[in-house]
Amino acid sequence: MSRDPADLNRLLNRSELNRTARYLEEELKRSHQALKHRRRPGAYYISYLFRNHLNHRLWGRLGAINESRSSVNNAVYCDVRVGSYRYDNITDGGLNDNSDRDESYDYVNMPVEVSKDAVKFGLWKLTDARFREAVEQYYERKSGELHFMTPYPGLSARKKQGPVRDFRYRSFPELDLDYWQYLIRKVGNLIKKYHSIQNSWFEFSAQNRQSIFVSTEGSRILNQLGIYQLSAHLWLLSRRGEGISQELNLIEGDPTDLPGEKEFIKFIKSRIDLLLSVQKAPRLNSYSGPVLLAPDAAGVFFHEVVGHRLEGSRLLSTDEGATFKDLRGKQIAPDYIDIIDDPLQTQFDKRRMIGHYRYDDEGSPAKAATLVERGVLRNFLTTAAPLPGQKTLNGHARNQRFERPISRMGNLFIINHAPVSADDMRRMFIEEIRRQKKPFGIYIKEVLGGETGTDSYDFQAFKGEIHHAVRVFPNGREEPVRGVDFVGTPLSALDAVVCMGDEPHLDNSYCGAESGMVPVSTVSPAMLMRNLELQGKDQERFTQYLLPLPY
């Protein structure tokens, strides 16, 4: 299956994918036969997740392309389980099985030129190392149980799956990289007119992802996903030495969903105007009171507050705070809210969702998971590991590269059964400001992302990085503000929800956790909260440039 060296920067075609799957299955069978009786504990389960990724990246500034790169990366995640389906080497839900210091980490990469002997050699090295690490983990678990009780002694380690054979193939859309170079040059030239902007860059990236999953349970699966991103970064240094920035990150599952030339230029001009406006805005150091969240900001709120805490892998770890562990069947949110994660959905509002997949990274069929129904907690996201108190599994095991897959969000839907129009929500927002006798409320229009702490050692809190916000006065007047992020604790924050809007919006992004960065999609309407706390950002200041701009 060797290829012309000049033609290495391309994805494997249908025939090559099938051939690669055969190599994986042959080596899988050979390894399993050798290792299941090699010693005790033997390998009762092995799987390979082969990833074939083609990445394009173009970025530049001021009308020039700084970097143009296309590359292929082939890698394998190898899962080796020793012991039995009842008891094996995995502890704490696999949350800590992600060290880049393990020997097996050195063998994850596979040859770019996929040939039989080269691939099988790589799999041999990787599988041998993973088996030895699995045996070590098994005896460490046994040793630990001499001192500490396992939280769920009767719970099986893994549910045996039936074989899945699904190798549906589709071609990815053709990319006109010349056009994207032209667009990056054109928008870069716009910045030359604004001498107060001291730094800027623009980027187009495309990731075409193919993965082959094979397992000793007989599965043979092909997954494919395209992710296309158009980004901009604008930065200036204020007279007071504060670095102020504006970013634009447009992430789509199809290149035709990205804006055209005129629309993107309009986006950039509006960002420039916003940046120049924000630099004059007052800085807040703290705030507590009514907050109105735009749809994307509300989506980040639910992703951080609820989503990560409903990842079932965390229930299996004694190191997790497990906020919702004992609340199944109880009210945790307003009774007009459903929260569902459904990776099988491919589109929302005619845009592709990048959190879509048909099978998770353990080869389990993806299923819609109703997490919260009418405000009542019903289920958690699962891997192939059974969860206490939950009979059904829903196929949400995901990982980035070498990390063990844990339960992660895919397509998170916040469904509002009591929609409120934008005009009525704004009226209620101003009424709440007046009722609390606050000098103003905060309208969060955009966020860059968020983070949360879920382990028992740390605080059970969350944070959202505010990118664009205004304060709204009781008379309705708006004024931009900067310098704050929203923070809080999960249960009290959910109690502060007043109502939600009637126009849900899709946000495609990435989510980081113990199993790496994975693509996710969130659909949410706007949300009004009677109280949310804001805290100040870092206030590091820079000295002014000694030289003027060269243009």
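Novice: So what exactly am I meant to see when it comes to helix α4 (residues 261-278) here?
Specialist: Note: α-helices contain 3.6 residues per turn, so residues at a spacing of three or four share the same orientation. If you check α4, its first and last C-alpha atoms are 26 Å apart, about what 18 residues at 1.5 Å a residue would give, namely 26 Å. For α4, every residue scored as buried is listed here: F264, I265, I268, R271, I272, L274, L275 and V278. Buried residues along α4 sit against α3 (177-190), β5 (199-215), β6 (220-237), β7 (243-252), β18 (441-452) and β19 (462-472).

Novice: When you look at the environment of I406 in this model, what are you seeing that I'm missing?
Specialist: Within the element layout of this structure, I406 appears in strand β15 (residues 406-407). Accessibility expressed as a relative area gives 1% for I406, which makes it buried. The spacing of I406 and D361 is 45 residues in sequence and 9.1 Å in space, taken between C-alpha atoms. Ignoring anything within four residues of it in the chain, the contact list for I406 reads G93, G94, L95, S313, R314, T383, H396, A397, R398, E514 and S515.

Novice: Explain the nonpolar core to me, please; I cannot follow it from the model alone.
Specialist: For soluble globular proteins, the rule of thumb is that nonpolar side chains tend to be buried together. In this structure, L293, F301, F302, I442 and F486 are the most contacted members of the largest nonpolar core, which totals 51 residues. Counting residues per element, this core draws most heavily on helix α5 (residues 295-307), which supplies seven residues. Those residues in contact with L293, other than ones at most four positions away along the chain, are A298, F301, I444, F486, A526, M527 and M529. Judged by nonpolar contacts, the second largest core, of 33 residues, contains L35, V119, Y138 and V214.

Novice: What is the right way to read α3 from this model?
Specialist: Taking 1.5 Å per residue, 14 residues should reach 20 Å; α3 reaches 21 Å between its end C-alpha atoms and fits that length. The inward-facing, buried residues of α3 abut β1 (43-61), β2 (64-82), β5, β6 and α4.

Novice: Explanation requested: the pattern of salt bridges in the structure shown.
Specialist: For the structure shown, the criterion picks out 39 salt bridges. Put simply, R30 and E27 hold a salt bridge, and the shortest N to O gap is 2.7 Å. Of the two residues, R30 and E27 are both situated in helix α1 (residues 14-35); the distance of three residues between them amounts to about one turn of the helix. Residue class for E27 comes out buried when judged on its relative accessible area of 3%. The shortest N-O distance in the salt bridge between R81 and D79 comes to 3.4 Å. Both residues of the pair, R81 and D79, belong to the buried class. Each of D79, R81, D88, D97, E362 and R404 takes part in one network of salt bridges that share partners.

Novice: Explain the pairing of β7 here, please?
Specialist: Side chains on a regular strand alternate between the two faces of the sheet. Examined bridge by bridge, β6 and β7 share ten bridges and lie antiparallel to one another. Bridge pairing in β7 links L230 to L250. Taken together, β6 and the strand that follows it, β7, pair antiparallel across an intervening segment of five residues, in which G241 is found at a positive phi of about 85°.

Novice: Can you walk me through empty space enclosed by the protein in this structure?
Specialist: Sizing a probe to match a water molecule and rolling it over the atoms shows the empty space that remains. Within the structure shown, the criterion is met by five cavities of 30 Å³ or more. Lining the largest cavity are 13 residues; nearest its centre among them are S104, Y105, V108, R130 and F402. When residues of the lining of the largest cavity are assigned to their parent elements, the largest contribution, three residues, is made by β2. Here the residues of the lining of the largest cavity sort into seven nonpolar, three polar and three charged. If you add up the space inside the second largest cavity, you get close to 50 Å³. Classifying every residue of the lining of the second largest cavity by side-chain character gives two nonpolar, four polar and four charged.

Novice: How should the packing of aromatic side chains be read in this particular structure?
Specialist: Two descriptors summarise a pair of aromatic rings, namely the distance from one centre to the other and the angle between the planes of the rings. Here the structure, examined in full by the defined rule, presents 14 aromatic pairs. Seen in terms of ring centroids, Y138 and Y139 are 5.6 Å apart; in terms of plane orientation they differ by 90°. Their pairing is edge-to-face. Each member of the aromatic cluster is reached from another via a ring pair, and the members are Y179, W180, Y182 and F204. Over the ring of Y45 we find R158; its NZ or CZ atom is 3.9 Å from the centre of that ring.

Novice: What exactly am I supposed to notice about the environment of L381 here?
Specialist: By secondary structure assignment, the location of L381 is in the loop between β13 (376-377) and β14 (397-398). Given a relative accessible area of 0%, L381 falls into the buried group. In sequence terms L381 and S196 are 185 residues apart; their C-alpha atoms lie 48 Å from each other.

Novice: Got a minute to help me understand the layout of surface pockets in this structure?
Specialist: As a volume, the largest pocket reaches approximately 1,300 Å³. Along the walls of the largest pocket sit 47 residues, with N249, D296, V447, D507 and N508 positioned nearest its centre. Where the lining of the largest pocket is concerned, the elements lending two or more residues are β7, α4, α5, β18, β23 (505-513) and β24 (516-524). In terms of residue count, the dominant contributor to the lining of the largest pocket is β23 (nine residues). When grouped by side-chain class, the residues that make up the lining of the largest pocket number 17 nonpolar, 16 polar and 14 charged.

Novice: I would appreciate a short explanation of the pairing of strand β21 (residues 484-488) in the present structure.
Specialist: Most of β21 is tucked away, with four of its five residues classed as buried. Pairing between β19 and β21: three bridges, direction antiparallel. Residue F462 lies in a different strand from β21, and its bridge partner there is G488. As paired elements, β21 and strand β25 (residues 527-536) share four bridges and run antiparallel to each other. Its bridge partner being in β25, V484 is matched across the sheet by G536.

About the cut-offs
- Residues numbered from 1 in each chain as written.
- Predicted model: local features only at pLDDT ≥ 70, side-chain atom pairs only at ≥ 80, totals over all residues.
- Heavy atoms only, no water.
- Helix = DSSP H or I, 4+ residues; strand = E, 2+ residues; numbered from the N terminus.
- Expected span 1.5 Å × (residues − 1).
- Buried < 20%, exposed > 50% of the residue type's maximum accessible area, 1.4 Å probe, protein only.
- Contact = heavy atoms within 4.5 Å.
- Core = buried A, V, L, I, M, F, W, Y, C linked by side-chain atoms within 4.5 Å.
- Salt bridge = Lys/Arg side-chain N within 4 Å of Asp/Glu carboxyl O.
- Pairing = 2+ DSSP bridges.
- 1 Å grid on protein atoms, 1.4 Å probe; cavity = no way out; pocket = protein on both sides within 12 Å on 5 of 7 lines; lining within 4 Å.
- Points joined across faces, edges and corners; volume = space filled by probe spheres on them.
- Nonpolar A, V, L, I, M, F, W, Y, C, P; charged D, E, K, R; others polar.
- Phe/Tyr/Trp six-rings, centres within 6.5 Å; stacked < 30°, edge-to-face > 60°.
- Lys NZ or Arg CZ within 6 Å of the ring centre and 35° of its normal.

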